Amino acid sequence: MDLRENIRKVRSELDAAAAAAGRDPASITLLAATKTQSSDTIREAIAAGITVCGENRVQELTAHLADNAYEGARLHFIGHLQTNKVKYVVGKVDLIHSVSSEKLLLAIDAQADKLGVVQDILLEVNLAGEASKSGFSPQESVDAAKKAAELAHVRLRGLMCIPPVSTIPGENFHYFETLRQLAVDIRRKIVDNNEDMDVLSMGMSGDYKDAVAAGSTCIRVGSALFGPRPPMSLRMD
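Residues numbered from 1 in each chain as written. Predicted model: local features only at pLDDT ≥ 70, side-chain atom pairs only at ≥ 80, totals over all residues. Heavy atoms only, no water.

**Q** Run through the pairing of strand S4 (residues 95-99), naming residues and quoting values.
**A** By the criterion of burial, S4 is predominantly enclosed, with five of the five residues buried. Looking at chain direction, strand S3 (residues 74-77) and S4 are connected through two bridges and run parallel. Note on S4: the bridge partner recorded for histidine 76 is leucine 95. Of the pairings in the sheet, the one linking S4 to strand S5 (residues 119-125) comprises two bridges and is parallel in character. Among the inter-strand pairings, valine 99 is bridged to a residue of S5, identified as leucine 123. In this view, the connection linking S4 to its parallel neighbour S5 by way of helix H4 (residues 102-115) has right-handed handedness. (Buried < 20%, exposed > 50% of the residue type's maximum accessible area, 1.4 Å probe, protein only. Helix = DSSP H or I, 4+ residues; strand = E, 2+ residues; numbered from the N terminus. Pairing = 2+ DSSP bridges. Right-handed = clockwise from strand over helix to strand, strands pointing away.)

Given below as structure tokens:
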């Protein structure tokens, strides 16, 4: 695996997709999804130009923080977050992508209050209504955004989605467009939060070109950078 070349290739494809959509390539963040990667690999990615890392698991996040593995990059939490793990994440990361319930939203606010910080968050939207995935329905997300706007220790920065798995190019494009329009609608209804809501986290290794065309500002890429993920039992930190 040539990590530096993979990063160059993905960034080049993102820039081309942005240009084709009439967008500024600098407006799109390439987030390296570092799930199951070693601390040394994370450091290598940052040295090769990665500026934002995204972690899926609290245990890995904690271990890599102890190793100072993310030094030189911003850190996001992109995985499912349980309320009893909030204390390990709030104040440790720049952005939490996966706020999927009001209970979690309130727990994050309470922990941020304890720490005296304001935690940036995204609301996770389950656009396809998949039972296997967490997240607010599009209708619920409007009320959740209004609730977030009332809280003193969270700042709503935007929305995130993970559409259904698809191997057909373009099949998920309409989900990305739906999330973009939902963000526009929410900004109109929450005037005080209008300028803060500037993030659309959508698109991964298999569909990031479509996501860019639909307006994504943050692409979460793992396998296209690091190759197939090793089994957890084989990961070496």
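**Q** Account for the state of the cysteines, with residues named and values stated.
**A** Taken as a whole and judged by the stated rule, the model has zero disulfides. Between cysteine 161, a cysteine without a disulfide, and cysteine 218, which holds the nearest cysteine sulfur, the sulfur-to-sulfur distance is 12 Å. Cysteine 53 provides the cysteine sulfur closest to cysteine 218, a residue in no disulfide bond, and the two sulfurs are 12 Å apart. With a relative accessible area of 3%, cysteine 218 lands in the buried category. (Disulfide = S-S within 2.5 Å.)

**Q** Provide a residue-level description of H4, including the pertinent values.
**A** Taking 1.5 Å per residue, 14 residues should reach 20 Å; H4 reaches 20 Å between its end C-alpha atoms and fits that length. For H4, the set of buried residues is Leu104, Leu105, Ile108, Asp109, Gln111 and Ala112. An end-on view of H4 places all buried positions within 165° of arc, on one side of the element. Facing away from the buried side of H4 by over 90 degrees, the exposed positions are Lys103 and Lys114. Each element contacted by the buried residues of H4 is listed here: S4, S5, helix H5 (138-150) and strand S6 (154-161). Glycine 116 occupies a position one or two residues after H4 and carries a positive phi of about 70°. (Expected span 1.5 Å × (residues − 1). Arc of directions from axis to C-beta. Contact = heavy atoms within 4.5 Å.)

**Q** Which residues make up the packing of H5 against helix H6 (residues 173-189), and what values go with them?
**A** Look at H5 against H6: their axes get within 10 Å of each other, and the N-to-C directions meet at 35°. Crossing angle aside, the handedness with which H5 passes H6 is right-handed. Of the residues in H6, those touching H5 at Pro138, Ser141, Val142 and Ala145 are Leu182, Ile186 and Lys189. (Axes fitted to C-alpha atoms, helices over the stretch in contact; angles between N-to-C directions. Left-handed = near helix turned anticlockwise from the far one by under 90°.)

**Q** Explain the layout of surface pockets to me, and be specific about the residues and the numbers.
**A** Counted as a void, the largest pocket has a volume near 790 Å³. Together, 35 residues line the largest pocket, and Ile162, Met204, Ser205, Asp207 and Arg220 are the ones closest to its centre. Taken together, the elements giving at least two residues each to the lining of the largest pocket come down to helix H7 (208-214) and strand S8 (218-221). Examining the composition of the lining of the largest pocket, we find that three residues originate from one element, H7, more than from any other. Size it by volume and the second largest pocket reaches roughly 220 Å³. Around the second largest pocket, the lining is made up of 14 residues, and of these Arg74, His76, Leu95, Arg157 and Val199 lie nearest the centre. Looking at the lining of the second largest pocket, the elements that each hand over two or more residues are S3 and S4. Its residues assigned to classes, the lining of the second largest pocket comprises four nonpolar, five polar and five charged. (1 Å grid on protein atoms, 1.4 Å probe; cavity = no way out; pocket = protein on both sides within 12 Å on 5 of 7 lines; lining within 4 Å. Points joined across faces, edges and corners; volume = space filled by probe spheres on them. Nonpolar A, V, L, I, M, F, W, Y, C, P; charged D, E, K, R; others polar.)

**Q** Would you mind going over the environment of proline 138 in detail, with residue names and values included?
**A** Relative to the elements of secondary structure, proline 138 occurs in helix H5. Residue proline 138 is classed as partly exposed on the basis of its relative accessible area, which comes to 22%. Counting along the chain gives 95 residues from proline 138 to arginine 43, while the straight-line C-alpha distance between them is 37 Å. Contacts of proline 138, omitting those with residues within four sequence positions, involve Val125, Asn126, Leu127 and Leu182.

**Q** Outline the pattern of salt bridges, listing residues and values.
**A** By the definition in use, this model includes ten salt bridges. With its nearest N and O atoms 3.4 Å apart, the salt bridge here joins glutamate 60 to arginine 57. A relative accessible area of 3% places glutamate 60 in the buried class. Two residues, aspartate 120 and arginine 157, come together in a salt bridge whose shortest N-O distance is 3.1 Å. Taken together, the positions of aspartate 120 in strand S5 and arginine 157 in strand S6 put the pair 37 residues apart, joining distant regions of the chain. Per residue, the accessibility class of aspartate 120 equals that of arginine 157, and both read buried. By sharing partners, the salt bridges in this structure join Asp120, Arg155, Arg157 and Asp198 into a single network. (Salt bridge = Lys/Arg side-chain N within 4 Å of Asp/Glu carboxyl O.)

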